[in-house]
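Okay, here's what each chain looks like letter by letter:
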Amino acid sequence: MHRRSRGVNIGLLLLLSQIFQVGINNVPPVTLATLALNIWFFLNPLKPLLSSCLSVEKCYYQKDWQRLLLSPLHHADDWHLYFNMVSMLWKGIHLERRLGSRWFAYIIVTFSLLTGVVYLFLEFALAEFLNEPDFKRNCAVGFSGVLFALKVLNNHCCPGGFVNVLGFPVSNRFACWVELLAIHFISPGTSFAGHLAGILVGLMYTHGPLKKIMELCTGIFPSNSDYPGQQYYFNSSGYSGYQDYYPYGGRGAYEDVPRNYDTYTAGLSEEEQLERALRASLLDQGNRRSSPPAYGFRLSPEEEMRRQRLHRFDSQRGDPAL
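Residues numbered from 1 in each chain as written. Predicted model: local features only at pLDDT ≥ 70, side-chain atom pairs only at ≥ 80, totals over all residues. Heavy atoms only, no water.

A. View of the overall build of the protein. Summing up its helical and strand segments, the protein has 14 helices and four strands in all. When the 322 residues of the protein are sorted by exposure, 42% land in the buried category. Contacts spanning at least 24 positions in sequence make up 70% of the contacts within the protein whose residues lie at least 6 apart. (Helix = DSSP H or I, 4+ residues; strand = E, 2+ residues; numbered from the N terminus. Buried < 20%, exposed > 50% of the residue type's maximum accessible area, 1.4 Å probe, protein only. Contact = heavy atoms within 4.5 Å.)

This is the structure:
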C-alpha cells in the first residue's frame, strides 16, 4: 500500500464538510461505505495510478484483470475525488432509500465491474475500427463511469423531471447524454469512453436484460423498486422506517401505481378495522370483556354503545377473547 504524500487536499476537506453537513446518520449504510472506501483508497492507494488504471493493453494483453477492481476506487487528485463522491452522496441517498441497501450494494458491485468491461470493449472497438492502436493504451481511473450508470437509473426512477445543465433545463430523458457532451466540452481530458460505458450499463439495467439477469443470479437480494410509493429514510437516530415518495412530482401528483394496503389493514374492511381499534382501546388484554372498567375509567354513553356493538360484532365473528 502506498500512502499519498501529505499536503492540503482542499477537495477532500470540502467533501468531508459536505458529508458532515448532511449528517453521517442521514447517509444510508452502503452509500456511506462507498464514500469511506473511496476516501480510504485516495489516502492509502493500493498501487500507483499507472498500476491501477484500466486499459486494453494492461488488462487484455497483459492479463492484469485486478485493474477492473482497482480502477473505480482510485482517483487522480482530490478534486477528482470531490466531484465524484459528492455526486455519489446525493445519488446514493436517493437510490439506496428507494431500492434498499442490499440491492443497492449489489448494483454498485455489478455496475463497477460491468462499466470497466464495457469500457475495454469500447476502446478495443475504436482501436480496431479507426486503426488507432493508441486507444488500447488509454488508461482510465475513477468512479465516474459508475456514477453515469447510477444517473441513468436515477432518471429512470424519476421520469418527467428536469435537471439544470450549464444553466439550461434538460429533460431527465436526455440529461445523461447532454451531461456527457458538456463534461467533455468543459474538461476534454476526461475519459469519454469511460463515461459512455457507464451510460450503456445503466441502459442495460433499465431497458435491457441486466436487471433480470441479476435477479436470476441471486434470490436473496430482492429489489423493491416496484414500489415507488415508499422509501426508507434516516434521521439523527438512524433508521426510522419509511415515508411517502412522489416520483412524478410533488405531493398530490398523479401516480398510476397500484398499492397494496393489506400489509397495514390485514385484509380487514373499514368496519372491521374500526371494531378492532375499539376493542384494542377499550379492553384490557388481561381482562375478560365482561369485567368492569378499571378504577377511574368511565365510558361516555357513546362509548358504551360502541362497547355493546363490539360484543355483538365479536359474537358474530366468533373471535376469542383477548
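B. Examining helix 6 (residues 78–99) more closely. When the terminal C-alpha atoms of helix 6 are compared, their 30 Å separation across 22 residues agrees well with the 32 Å that a helix rising 1.5 Å per residue should span. At Gly92, helix 6 shows its strongest bend, of approximately 30°. When you tally the buried positions in helix 6, you get 18 out of 22 residues, the bulk of the element. By the N-cap criterion, in which a side-chain oxygen at the helix start approaches the backbone nitrogen of a residue two or three places on, helix 6 is capped by Asp77, the distance to Trp79 being 3.1 Å. Looking one or two residues past helix 6, Gly100 carries a phi angle of roughly 95°, positive in sign. (Expected span 1.5 Å × (residues − 1). Bend = angle between axes of the 7 residues up to and from the residue. Polar contact = N/O pair within 3.5 Å; in protein donor to acceptor, adjacent residues only side chain to side chain.)

C. The environment of Met88, seen in detail. Along the chain, Met88 turns up in helix 6. The class for Met88 is buried, based on a relative accessible area of 0%. Measuring from C-alpha to C-alpha, the distance between Met88 and Thr34 comes to 8.4 Å, with 54 residues separating the pair along the chain. Met88 has contacts with Thr31, Thr34, Leu35, Phe104, Ile108, Phe143, Leu147 and Leu150, leaving out every residue within four places of it along the chain.

D. Highlighting the UniProt feature "transmembrane region" (unreviewed entry) in the protein. Mapped onto this numbering, the UniProt entry gives "transmembrane region" (unreviewed entry) at residues 7–24, 30–46, 103–122 and 181–205. Helix makes up 100% of residues 103–122 and strand 0%, with an end-to-end C-alpha separation of 28 Å. The straight-line gap between the two end C-alpha atoms of residues 181–205 is 22 Å; of that span, 80% is helix and 0% is strand. (UniProt positions renumbered as here; feature names shortened; annotations may be inferred.)

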